[in-house]
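Next come the chains, spelled out residue by residue.
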Amino acid sequence: SQPNQPITSFRPKSPVQAAEVLSPDLNIATLYVISLYRPEPGAHPMRVAQLSRHLAARGHDVTVLTDVPKPHGKVYPGHRKKLLRLTYSEIDGDVRIVRVPQIFRPNKGSIDRLLAFSSFTLTAALRSLTMGPFAVVFGTIPQPFSPLAP
């Protein structure tokens, strides 16, 4: 960390470095916004889960705002009925998970990815207005034009 700089101007090189700046003596309300979270496969959802649990273990109030798990554009069976409520919460250890809907499309091209990522960004932004306040917000949202990649 950089001791003489306020946290608002500190630009961490990684989420773990940012997490280490947060004092374990404070209960800091933290929001992590990510389009993919457990049980989605992949390294990124796992890293975010580990970081969120790490922060929660240090005494912080951690919430993850994410979408409904949907590999290959199909919602996981355990989440289908919950989706009828549009948004819902669940607990992963000491981490609160808030799931929002999005347009579910098989990943078969640029337009499908653009629709899915854009709809998550919109529903997450709308849902975040009713949450919080949060002292720290981590955001991992796809680049605006990444869905257009072949």
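Basis of the calculations
- Residues numbered from 1 in each chain as written.
- Predicted model: local features only at pLDDT ≥ 70, side-chain atom pairs only at ≥ 80, totals over all residues.
- Heavy atoms only, no water.
- Helix = DSSP H or I, 4+ residues; strand = E, 2+ residues; numbered from the N terminus.
- Expected span 1.5 Å × (residues − 1).
- Buried < 20%, exposed > 50% of the residue type's maximum accessible area, 1.4 Å probe, protein only.
- Arc of directions from axis to C-beta.
- Contact = heavy atoms within 4.5 Å.
- Pairing = 2+ DSSP bridges.
- Axes fitted to C-alpha atoms, helices over the stretch in contact; angles between N-to-C directions.
- pLDDT = per-residue confidence, 0-100.
- Salt bridge = Lys/Arg side-chain N within 4 Å of Asp/Glu carboxyl O.
- Patch = residues over 30% accessible without salt bridge, like charges linked within 9 Å, V, L, I, M, F, W, Y side chains within 5 Å.
- Areas by Shrake-Rupley, 256 points an atom, 1.4 Å probe, with all protein chains shown as cover.
- Right-handed = clockwise from strand over helix to strand, strands pointing away.

1. What about helix 4 (residues 110-128)?
Thought 1: If you check helix 4, its first and last C-alpha atoms are 27 Å apart, about what 19 residues at 1.5 Å a residue would give, namely 27 Å.
Thought 2: For helix 4, the set of buried residues is Asp112, Arg113, Ala116, Ser119, Phe120, Ala124 and Arg127. Seen from one end, helix 4 has its buried residues packed into an arc of 140°, which puts them on one side. Structural note: helix 4 exposes Ile111, Leu122 and Leu126 on the side pointing more than 90 degrees away from its buried face.
Thought 3: Contacts made by the buried residues of helix 4 are with strand 1 (29-34), strand 2 (61-67) and strand 4 (95-100).

2. Describing the sheet that holds strand 2
In sheet architecture, strand pairing relies on hydrogen bonds along the backbone and comes in two forms, parallel and antiparallel.
Thought 1: Strand order in the open sheet formed by five strands is 3-4-2-1-5, with mixed pairing between adjacent strands. Edge positions in the sheet fall to strand 3 (88-92) and strand 5 (136-140), since each of these pairs with one other strand and no more. Each strand of the sheet is rotated relative to its neighbour by a mean of 20°, with strand direction disregarded.
Thought 2: Set on the sheet, helix 2 (residues 43-57) makes contact with strand 1, strand 2, strand 3, strand 4 and strand 5; between it and strand 1 the angle comes to about 175°.

3. What to know about the confidence of the model for the protein chain
Thought 1: Of all residues in the protein chain, 65% have pLDDT values of 70 or greater, and the mean over the chain is 75.
Thought 2: Element-level mean pLDDT values for the protein chain span from 62 in helix 1 (residues 15-21) up to 93 in strand 4.

4. Some details on unusual backbone geometry
Thought 1: Residue proline 39 follows arginine 38 across a cis peptide bond; omega there is 10°.
Thought 2: Considering the arrangement of structural elements, one finds proline 39 in the loop between strand 1 and helix 2.
Thought 3: With an omega of 15°, the peptide bond between glycine 132 and proline 133 qualifies as cis.
Thought 4: Mapped onto the fold, proline 133 is located in the loop between helix 4 and strand 5.

5. Some thoughts on the pattern of salt bridges
Thought 1: Per the stated rule, a full pass over the model turns up three salt bridges.
Thought 2: In this structure, the salt-bridge partner of aspartate 92 is arginine 38, at a minimum N-O distance of 3.1 Å. Separated by 54 residues along the polypeptide, aspartate 92 in strand 3 and arginine 38 in the loop between strand 1 and helix 2 bring together distant segments of the chain.
Thought 3: The residue arginine 53 makes a salt bridge to aspartate 92 at a minimum N-O spacing of 2.9 Å. In this pair, arginine 53 is assigned in helix 2 and aspartate 92 in strand 3, connecting sequence segments 39 residues apart.
Thought 4: Linked through salt bridges whose partners overlap, the residues forming this network are Arg38, Arg53 and Asp92.

6. Brief notes about a nonpolar patch on the surface
Thought 1: A cluster of nonpolar residues, Ile103, Ile111 and Leu115, forms a patch on the protein surface that exposes about 260 Å² of accessible area.
Thought 2: Relative to the assigned elements, isoleucine 111 resides in helix 4.

7. Quick look at the pairing of strand 1
Thought 1: Of all the six residues making up strand 1, six are buried; the element is thus mostly covered by neighbouring parts of the structure.
Thought 2: The side-chain alternation of strand 1 yields two buried faces, one formed by Ala29, Leu31 and Val33 and the other by Thr30, Tyr32 and Ile34.
Thought 3: Strand direction decides the pairing type here: strand 1 and strand 2, joined by five bridges, are parallel. By the bridge assignment, tyrosine 32 is partnered in strand 2 with valine 64.
Thought 4: Where the polypeptide runs from strand 1 across helix 2 and back to strand 2, its parallel neighbour, the crossover connection is right-handed.
Thought 5: Where strand 1 lies against strand 5, five bridges are found, and the strand directions are parallel. Bridge pairing in strand 5 places valine 33 opposite glycine 139.

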